[in-house]
Amino acid sequence: DAGVTQSPTHLIKTRGQQVTLRCSPKSGHDTVSWYQQALGQGPQFIFQYYEEEERQRGNFPDRFSGHQFPNYSSELNVNALLLGDSALYLCASSKIPDDSGNTIYFGEGSWLTVV
Amino acid sequence: TQLLEQSPQFLSIQEGENLTVYCNSSSVFSSLQWYRQEPGEGPVLLVTVVTGGEVKKLKRLTFQFGDARKDSSLHITAAQPGDTGLYLCAGVRRGGGNKLTFGTGTQLKVEL
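Nothing here was measured: the structure is a model prediction, and the numbers come from that model.

Trainee: So what exactly am I meant to see when it comes to the overall build of chain B here?
Mentor: Regarding its fold elements, chain B presents 0 helices and 11 strands. Ordering the α and β elements of chain B from the N terminus gives β-β-β-β-β-β-β-β-β-β-β. Seen along its three principal axes, the alpha-carbon backbone of chain B occupies a region of about 45 × 30 × 20 Å. Within chain B, the proportion of its 112 residues that are buried is 46%.

Next up, the structure:
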């Protein structure tokens, strides 16, 4: 049973470029959330996808966009990269959102460095 | 304003010592999760607590959810070097749809 898988694991981009990160959720999970974790800080919620729609969004600019596919996998796109976008981007998967203590699992993350 | 405050922020102890990490908030959470994260890796889920007053044990780790579901604690008995890492608490607020709000983190180092 594969866990949450993310790709690529590491990448370097130049300011102004665009980047796409990918995530496959854990088998049986249908909800994908994306988090940004800057060095030395806790993860910050970017947005969440369920049934191919963005359901919730954190305090991130429109340069951050996403997509969920019919097979529940997801992409995170960041346009017009800034140096401050350098971070570990984490994908979290879970079942349909509810308040019953649903278990949320994280992938290994994608390290993005903007130079 | 940080919704979940963790203390201490840093902790360096000797092997065999006991320690407690606290996670406090003024908000009520429907569930709370504890994660451990190694440098450059994603957070690994340790436990989920749901019921106020709930206590869960995972080998030498004991987790407690406050009665009012506003706070939690993680107690490690006889710490080992392998316990070294960043410990994160994260809560889901009622109606939050699995959106996790993370604590500030506790960096633990256990030395021989």
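Once the structure has been displayed, the description carries forward.
Trainee: What is the right way to look at the sheet that holds strand E1 (residues 5-7) of chain B in this model?
Mentor: Across a sheet, strands are paired by hydrogen bonds formed along the backbone, either parallel or antiparallel in direction. Residues and elements named next belong to chain B. One open sheet accounts for 5 strands, arranged E1-E3-E8-E7-E6; its pairing is antiparallel. In this open sheet, the two edge strands, each paired with only one partner strand, are E1 and strand E6 (55-58). Direction aside, neighbouring strands of the sheet carry axes that sit 15° apart on average. Relative to strand E8 (residues 71-76), strand E3 (residues 19-24) runs antiparallel, the two being bridged by 6 bridges. Its bridge partner lying in E8, Val21 is registered against Leu74.

Trainee: Hey, could you run me through the interface of chain B and chain A in this one?
Mentor: One frequent convention defines the size of an interface as the accessible area lost when the parts assemble. The interface of chain B with chain A comprises 25 residues on the first partner and 25 residues on the second. Carbon and sulfur atoms make up 51% of the surface buried where chain B meets chain A, a total of about 1,900 Å² over both sides. Among the residues chain B hides against chain A, the three largest losses belong to Asn98, Lys99 and Phe102 of chain B. Together they make up 29% of the total. Across the chain B-chain A interface, the total number found is 0 salt bridges. Our count for the contact surface shared by chain B and chain A stands at 7 residue pairs in polar contact (both at pLDDT 80 or more). Of all the elements in the fold, those that place two or more residues in the side of chain B that touches chain A are strand E4 (31-37), strand E5 (44-49), strand E9 (85-92) and strand E10 (100-102) of chain B. The element contributing the most residues to the side of chain B that touches chain A is E4 of chain B, with 4 residues. Broken down by class, the residue content of the side of chain B that touches chain A amounts to 9 nonpolar, 12 polar and 4 charged.

Conventions we followed
- Along every chain, residues carry numbers that run from 1 in the direction the sequence is written.
- Following the order in which they are written, the chains are lettered starting with A and the ligands numbered starting with 1.
- Thresholds applied to this predicted model are a pLDDT of at least 70 for local features of residues and 80 or more for the giving and counting of side-chain atom pairs; totals over whole chains, interfaces and linings are not thresholded and use all residues.
- Computation of side-chain values covers all heavy atoms of the structure but excludes hydrogens and water.
- Secondary structure elements are taken from DSSP: a helix is a run of H or I of four residues or more, a strand is a run of E of two residues or more, and numbering for both begins at the N terminus.
- Partly exposed residues are those whose accessible area sits between 20% and 50% of the maximum for their type, while under 20% is buried and over 50% is exposed, using a 1.4 Å probe and protein chains only.
- Paired strands, as defined in this entry, are two strands with at least two bridges between them according to DSSP.
- The axes are straight lines fitted to the C-alpha atoms, using for helices just the contacting stretch, and the angles between their N-to-C directions are given from 0 to 180°.
- Contacts are residue-level and defined by heavy atoms, with any inter-residue pair within 4.5 Å sufficient.
- Throughout, buried area stands for the accessible area (probe radius 1.4 Å) lost by two parts on being put together, summed over both.
- Here, a salt bridge means any Lys or Arg side-chain nitrogen found within 4 Å of an Asp or Glu carboxyl oxygen.
- Contacts described as polar in this section are N or O atom pairs within 3.5 Å, which, within protein, must combine one atom able to donate a hydrogen with one able to accept it, while residues neighboring in sequence count only if both atoms come from side chains.
- Ten residue types, Ala, Val, Leu, Ile, Met, Phe, Trp, Tyr, Cys and Pro, are classed as nonpolar, four, Asp, Glu, Lys and Arg, as charged, and the remainder, Gly among them, as polar.

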